[in-house]
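Examination of the molecular architecture
Listed below, chain by chain, are the residues.
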Amino acid sequence: MEILLKDPILRDIGRQMYELIGRLYPICRSITGEGVRDTLEIIREHIPLEVHEVPTGTRVFDWTVPEEWNIRDAYIKNSKGEKIVDFRKTNLHVLGYSVPVRGKFSLEELREHIFTSPEHPDRIPYRTSYYNRNWGFCMSHVRYEQLEEDTYEVVIDSELKKGSLTYGEMYIKGACEEEVLFTCYTCHPSMCNDNLSGIALLTLLAKKLSGIDLKYSYRFLFIPETIGAVTWLCLNENNVSRIKCGLGAYCLGDRGGLTYKRSRSGDAIIDRIAEKVLGDSGQPHRIIDFNPAYGSDERQFCSPGFDLPVGSLTRSPSHVFDEYHSSADNLDAVSAEHLADSMEKYIEIVSVIENDGKYESLNPKCEPQLGKRGLYSKIGSKYSKTENEADEMAMLWVLNMSDGTYSVLDIAVRSGMTFREIKSAADILSRNGLLRKVEE
Ligand code: ZN
């Protein structure tokens, strides 16, 4: 599989991801409802996503698929008829899953239903109440403090009724049934880094992989966070043994460095691959251990009854990036370059998954004489830093370690050389009849 992307192509993908985020940004998404369907419909312009509808009331392990929520309008008007909060300006103004309301309220009554973020007084926070019936509005703390005694007209024109939970899935068949799972969530309203960056990245990654001959099969999930993962796992319990490894994709457009959060076991193949890819990049990055107390759907995929080899690759983890769950997570919080940089790492991970393998030296008794095969060109100082020297070192590592036990990844980790260097040496040696690929 050749997907070694060069910069101009990556830059173009970054721009496409940013544009897709821009299109999806205004949509009012939630864990159910038309906003999710509209989002999946736009994704379907890029990839042939299969859309599933799971009816309200379906029991999924310890959870139940909730009623479907939709909203048309919401506002608070003062006695002068001025809208002081207007859902049409930003959907973050409404507490997600607010029940319908129509009535007059004093300021004191209204205060119980207003959510602000005093630590970031200019921002509108993002709040939801999925499983506890409530209604409310979110606004900046600055605006909240300006509210005067008055009689306010409150309208939330929403609807909670039997419907379904909607999710999208795309499967790309490779040569073998073993599959790689990529998952992102589709339930946040107008937020770019948390939510939309993962959707954009997986949409374009799936598009990229669709046209390539692949060894493994790939599955992409676009699901509401938590309840979507629980639902998908419940409906697909019998098939999860096919999952070779997986990654949760979110918060991939901010300006922070990349962060890999390990799977529950901590030494799954995806952990080794992601850590190696980030290490090979030479860029600053963080590796953090699995932690069920925060994060996203890896908590479900890594629950003890599944314990799947699924990690997550983000930029700043959600609890670290400053704009988290607020109106500041807008189009300025993400950049095309950072999205492209994240995409590069995802592609590199796929490249390692596809290209890893074990080899056997056909000349295991002492080193083969590379010079007579034109593979050892070094003359003079052995410390001269030439490209060939890296190749030669890599060849010596590959020849020594290739006894059918160690994979390219193993050799790359042990030698401290990059995966690409070791793989390229294995290819050269194979072409020269010194190495044979071991069939798995
Ligand atoms: Zn979030």
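Residues numbered from 1 in each chain as written. Predicted model: local features only at pLDDT ≥ 70, side-chain atom pairs only at ≥ 80, totals over all residues. Heavy atoms only, no water.

Looking now at the coordination of the zinc ion. Within the protein, His188 (NE2), Asp194 (OD) and His325 (NE2) serve as the donor atoms for the zinc ion, at 2.0 to 2.1 Å. In primary-sequence terms, the residues that donate to the zinc ion follow H-x5-D-x130-H. One end of the pair, Asp194, is in helix H5 (residues 192-210); the other, His325, is in the loop between strand E16 (310-314) and helix H9 (336-355), with 131 residues separating them in the sequence. (Donors = N, O, S within 2.8 Å, 3.2 Å for Na, K, Ca; no water. Helix = DSSP H or I, 4+ residues; strand = E, 2+ residues; numbered from the N terminus.)

The next thing to look at is the nonpolar core. Counting 77 residues, the largest nonpolar core has Phe182, Tyr218, Phe220 and Phe222 as its most contacted members. Sorting elements by how many residues they give to this core places H5 first, with 10 residues. Counting contributing residues, this core receives three or more from each of domain 1 (8-66 + 164-355) and domain 3 (358-437). Sequence-distant contacts of Phe222, defined by excluding residues within four places in its chain, comprise Leu40, Ile43, Ile47, Leu49, Tyr167, Gly168, Cys184, Thr186, Ile199, Leu202 and Thr203. Counting residues in each nonpolar core, the second largest holds 51 residues, with Met139, Leu165, Ala229 and Tyr250 among its members. (Core = buried A, V, L, I, M, F, W, Y, C linked by side-chain atoms within 4.5 Å. Buried < 20%, exposed > 50% of the residue type's maximum accessible area, 1.4 Å probe, protein only. Domains from an automatic or database assignment. Contact = heavy atoms within 4.5 Å.)

Another point: the domain arrangement of the protein chain. Per the domain assignment, the segments of the protein chain are domain 1 (8-66 + 164-355), domain 2 (70-161) and domain 3 (358-437). One C-alpha centre belongs to domain 2, the other to domain 3, and the line joining them spans 65 Å.

The next thing to look at is H5. Taking 1.5 Å of rise per residue, the 19 residues of H5 would be expected to cover 27 Å, and the 25 Å separating its terminal C-alpha atoms lies within 8% of that figure. A large share of H5 lies buried, amounting to 16 of its 19 residues. (Expected span 1.5 Å × (residues − 1).)

For the coordinates displayed, the defined rule picks out 3 cavities of 30 Å³ or more. Estimates place the volume of the largest cavity at around 90 Å³. Arg29, Val94, Gly96, Tyr126 and Pro189 are the residues nearest the centre of the largest cavity, which is lined by 15 residues in total. Its residues assigned to classes, the lining of the largest cavity comprises 9 nonpolar, 4 polar and 2 charged. Two domains each provide a minimum of three residues to the lining of the largest cavity, namely domain 1 (8-66 + 164-355) and domain 2 (70-161). Approximately 60 Å³ is the volume attributed to the second largest cavity. Taken together, the elements giving at least two residues each to the lining of the second largest cavity come down to strand E14 (258-261) and E16. The residue inventory of the lining of the second largest cavity, partitioned by class, reads 4 nonpolar, 5 polar and 1 charged. (1 Å grid on protein atoms, 1.4 Å probe; cavity = no way out; pocket = protein on both sides within 12 Å on 5 of 7 lines; lining within 4 Å. Points joined across faces, edges and corners; volume = space filled by probe spheres on them. Nonpolar A, V, L, I, M, F, W, Y, C, P; charged D, E, K, R; others polar.)

In this section: the sheet that holds strand E17 (residues 358-361). Taken together, 3 strands build an open sheet; the order of strands is E18-E17-E19 and the sheet is antiparallel. A strand with exactly one partner marks an edge of an open sheet, and here the two such strands are strand E18 (403-407) and strand E19 (435-438). Geometrically, the sheet is characterised by an average inter-axis angle of 35 degrees between neighbouring strands, direction not taken into account. Sitting on the sheet, helix H11 (residues 408-415) touches E17 and E18, and the angle it makes with E18 is about 65 degrees. (Pairing = 2+ DSSP bridges. Axes fitted to C-alpha atoms, helices over the stretch in contact; angles between N-to-C directions.)

Within the structure shown, the criterion is met by 27 salt bridges. Notably, a salt bridge pairs Asp410 with Arg272, separated by 2.9 Å at the nearest N-O pair. Taken together, the residues span a long stretch of sequence, with Asp410 in helix H11 and Arg272 in helix H7 (residues 269-281) at a distance of 138 residues. Shared partners join several salt bridges into a network, and the residues in it are Glu34, Arg37, Glu53 and Glu68. (Salt bridge = Lys/Arg side-chain N within 4 Å of Asp/Glu carboxyl O.)

A regular strand places its side chains so that they alternate between the two faces of the sheet. Only one face of E17 is covered, namely the face carrying Tyr359 and Ser361; the face carrying Lys358 and Glu360 is uncovered. Direction of pairing for E17 relative to E18: antiparallel, over a ladder of 2 bridges. In the sheet register, Lys358 faces E18, and the bridge partner there is Ser407. Bridge count for E17 against E19 is 4 bridges, and the pairing is antiparallel. By the bridge assignment for E19, Lys358 is matched with Val438.

This brings us to the sheet that holds strand E9 (residues 151-161). With respect to topology, 4 strands assemble into an open sheet ordered E5-E4-E9-E6, the strand pairing being antiparallel. Of all the strands in the sheet, just strand E5 (83-86) and strand E6 (101-106) have a single pairing partner and so form its edges. Strand-to-strand twist in this sheet, taken as the mean axis angle between neighbours without regard to direction, amounts to 20 degrees. Two elements, strand E4 (residues 68-77) and E5, share 3 bridges in a ladder whose sense is antiparallel. Residue Lys77 lies in a different strand from E5, and its bridge partner there is Lys83.

This next bit is on the environment of Asp297. Looking at where Asp297 falls in the secondary structure, it is placed in the loop between strand E15 (285-288) and helix H8 (298-301). For Asp297, a relative accessible area of 3% corresponds to the buried category. Taking the C-alpha atoms as reference points, Asp297 and Asp267, separated by 30 residues in sequence, lie 19 Å from one another. Each residue touching Asp297, except ones within four places of it in the same chain, is listed here: Tyr185, Ile223, Pro224, Glu225, Thr226 and Ala229.

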